[in-house]
Amino acid sequence: DSGVTQTPKHLITATGQRVTLRCSPRSGDLSVYWYQQSLDQGLQFLIHYYNGEERAKGNILERFSAQQFPDLHSELNLSSLELGDSALYFCASSAVEGNSPLHFGNGTRLTVT
Amino acid sequence: AQSVTQLDSQVPVFEEAPVELRCNYSSSVSVYLFWYVQYPNQGLQLLLKYLSGSTLVKGINGFEAEFNKSQTSFHLRKPSVHISDTAEYFCAVNDFSQFYFGTGTSLTVIP
């Protein structure tokens, strides 16, 4: 058990809808990262937050947004969903920036129909 | 920005045989290096990490990796694989700003 909790585990929704994925980092970890994993794109970095502040953006679409709250949990909001957004979304946390390894949750599997 | 290349997308190997999964990265500056394993329907789990010091790093489940600065490589090895090692393996690099992941190597252990 990595200590990173993601909810829900599975999500099935229709095109055009909006969903929110939630992540609770390991106790004491200040950094939260979001990744998207799909068969054709591999593991894609979306966004990184550190202690509530956005630190880096990767291949995150404008329809997607995220935030990290004062209690350090994070939410990833996906809107105007398309079939191609179907993927596994992972959250990972680390203690500090730099040499601390990432600890991954078990992911949220999103299916857009 | 860094790039991480995992040279083999699929590696089949017989049980109890040795295996090497290759990883090369682009940077010539100091980086931190990691290997992760992903079992079906699970998140990525840290296998081992290189931060500094000895270039041979030992991890969990009998895996080890060797850091080669001149070759910018960080290959993962195991002397004798088990069926339970069947999984996806990811090499990752951190250049003090963010993590970069390779595209993964699917290791299949054949009985």
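Quick note: structure is the one above.
Residues numbered from 1 in each chain as written. Chains lettered and ligands numbered in written order. Predicted model: local features only at pLDDT ≥ 70, side-chain atom pairs only at ≥ 80, totals over all residues. Heavy atoms only, no water.

1. Focus on the packing of aromatic side chains
Residue and element names in this part refer to chain A.
Part 1 of the argument: Counted by the stated rule, this structure contains 14 aromatic pairs over all chains.
Part 2 of the argument: Between phenylalanine 64 and tyrosine 89, the aromatic rings sit 6.5 Å apart at their centres with planes inclined by 70 degrees, giving edge-to-face as the arrangement. With phenylalanine 64 in strand E7 (residues 64-68) and tyrosine 89 in strand E9 (residues 87-94), the pair connects residues that are 25 residues apart, well separated along the chain.
Part 3 of the argument: Overall, phenylalanine 64 belongs to the buried group, its relative accessible area being 6%. (Phe/Tyr/Trp six-rings, centres within 6.5 Å; stacked < 30°, edge-to-face > 60°. Helix = DSSP H or I, 4+ residues; strand = E, 2+ residues; numbered from the N terminus. Buried < 20%, exposed > 50% of the residue type's maximum accessible area, 1.4 Å probe, protein only.)

2. Some words on the sheet that holds E7(A)
All names here are of chain A.
Part 1 of the argument: Taken in spatial order, the four strands of this open sheet run E1-E3-E8-E7, and their pairing is antiparallel. Each edge of the open sheet is held by one strand with a lone partner, namely strand E1 (5-7) and E7. When the angles between neighbouring strand axes are averaged without regard to direction, this sheet yields 15 degrees.
Part 2 of the argument: Pairing of strand E3 (residues 19-24) with strand E8 (residues 74-78) involves five bridges; the strand directions are antiparallel. Across the sheet, the residue bridging to leucine 21 is leucine 76, located in E8. (Pairing = 2+ DSSP bridges. Axes fitted to C-alpha atoms, helices over the stretch in contact; angles between N-to-C directions.)

3. Remarks on the pairing of E9(A)
Remember that side chains alternate between the two faces of the sheet whenever the strand is regular.
All names here are of chain A.
Part 1 of the argument: Among the eight residues in E9, eight count as buried, and that is most of the element.
Part 2 of the argument: Side chains Ala87, Tyr89, Cys91 and Ser93 project from E9 onto one buried face, and the interleaved Leu88, Phe90, Ala92 and Ser94 project onto a second face that is buried too.
Part 3 of the argument: When strand E4 (residues 31-38) meets E9, the two strands line up antiparallel, connected through seven bridges. Within the sheet, the bridge partner assigned to glutamine 36 lies in E9 and is tyrosine 89.
Part 4 of the argument: Pairing of E9 with strand E11 (residues 108-112) involves three bridges; the strand directions are antiparallel. The partner of alanine 87 across the bridge, within E11, is leucine 110.
Part 5 of the argument: One ladder, built from two bridges, connects E9 with strand E10 (residues 103-104); its direction is antiparallel. Across the sheet, serine 93 pairs through a bridge with histidine 103, a residue of E10.

4. Concerning the state of the cysteines
Part 1 of the argument: A full pass over the atoms with the stated rule returns two disulfides over all chains.
Part 2 of the argument: Residue Cys23(A) pairs covalently with Cys91(A) via a disulfide, S to S 1.8 Å. The sign of the S-S torsion, about -50 degrees, decides the handedness of the disulfide formed by Cys23(A) and Cys91(A): left-handed. With Cys23(A) in strand E3 and Cys91(A) in strand E9, this pair connects stretches of sequence that are 68 residues apart. Each member of the pair, Cys23(A) together with Cys91(A), is buried.
Part 3 of the argument: Two residues, Cys23(B) and Cys91(B), share a disulfide whose sulfurs are 1.9 Å apart. Taking the sign of the S-S torsion, about -65 degrees here, the bridge from Cys23(B) to Cys91(B) comes out left-handed. (Disulfide = S-S within 2.5 Å.)

5. Examining the pairing of strand E6 (residues 44-50) of chain B
Residues and elements named next belong to chain B.
Part 1 of the argument: In this structure, strand E5 (residues 32-38) lies alongside E6, joined through six bridges in antiparallel fashion. The residue of E6 that forms the bridge with valine 37 is glutamine 45.
Part 2 of the argument: Counting the residues between successive antiparallel strands, the hairpin from E5 to E6 contains five residues, one of them, asparagine 41, with a positive phi of roughly 60 degrees.

6. A few points about the nonpolar core
Residues and elements named next belong to chain B.
Part 1 of the argument: In terms of nonpolar packing, the biggest core is built from 29 residues, with Leu33, Trp35, Leu47, Leu48, Phe74, Leu76 and Tyr89 touching the most fellow members.
Part 2 of the argument: For this core, the secondary structure elements donating two or more residues are strand E2 (10-14), strand E3 (19-21), E5, E6, strand E8 (64-68), strand E9 (73-78), strand E10 (87-94) and strand E12 (105-110).
Part 3 of the argument: If one sorts the elements of this core by residue count, E10 sits on top with four residues.
Part 4 of the argument: If near-sequence neighbours (up to four positions away) are discounted, leucine 33 is found in contact with Tyr25, Leu48, Lys49, Tyr50, Phe67, Phe74, Ala92 and Val93. (Core = buried A, V, L, I, M, F, W, Y, C linked by side-chain atoms within 4.5 Å. Contact = heavy atoms within 4.5 Å.)

7. Points about the side chain of Gln38(B)
Part 1 of the argument: Relative to the helices and strands, Gln38(B) resides in strand E5.
Part 2 of the argument: There is a polar contact of 2.9 Å between the side chain of Gln38(B) and the side chain of Gln37(A).
Part 3 of the argument: Not counting the four nearest positions on each side in its chain, Gln38(B) is found in contact with Gln37(A), Leu88(A), Phe90(A), Gly43(B), Leu44(B), Ala87(B), Glu88(B) and Phe90(B). (Polar contact = N/O pair within 3.5 Å; in protein donor to acceptor, adjacent residues only side chain to side chain.)

8. Structural notes on unusual backbone geometry
Part 1 of the argument: A cis geometry characterises the amide bond from Thr7(A) onward to Pro8(A), with omega recorded as -10 degrees.
Part 2 of the argument: Its place among the elements puts Pro8(A) in the loop between E1 and strand E2 (10-13).
Part 3 of the argument: Of note, Asn41(B) is a non-glycine position whose phi angle comes to about 60 degrees, a positive value.
Part 4 of the argument: On the accessibility criterion, Asn41(B) (66% relative accessible area) is exposed.
Part 5 of the argument: Even without a glycine there, the phi angle at Thr72(B) is positive, about 45 degrees.
Part 6 of the argument: Here Thr72(B) shows up in the loop between E8 and E9.

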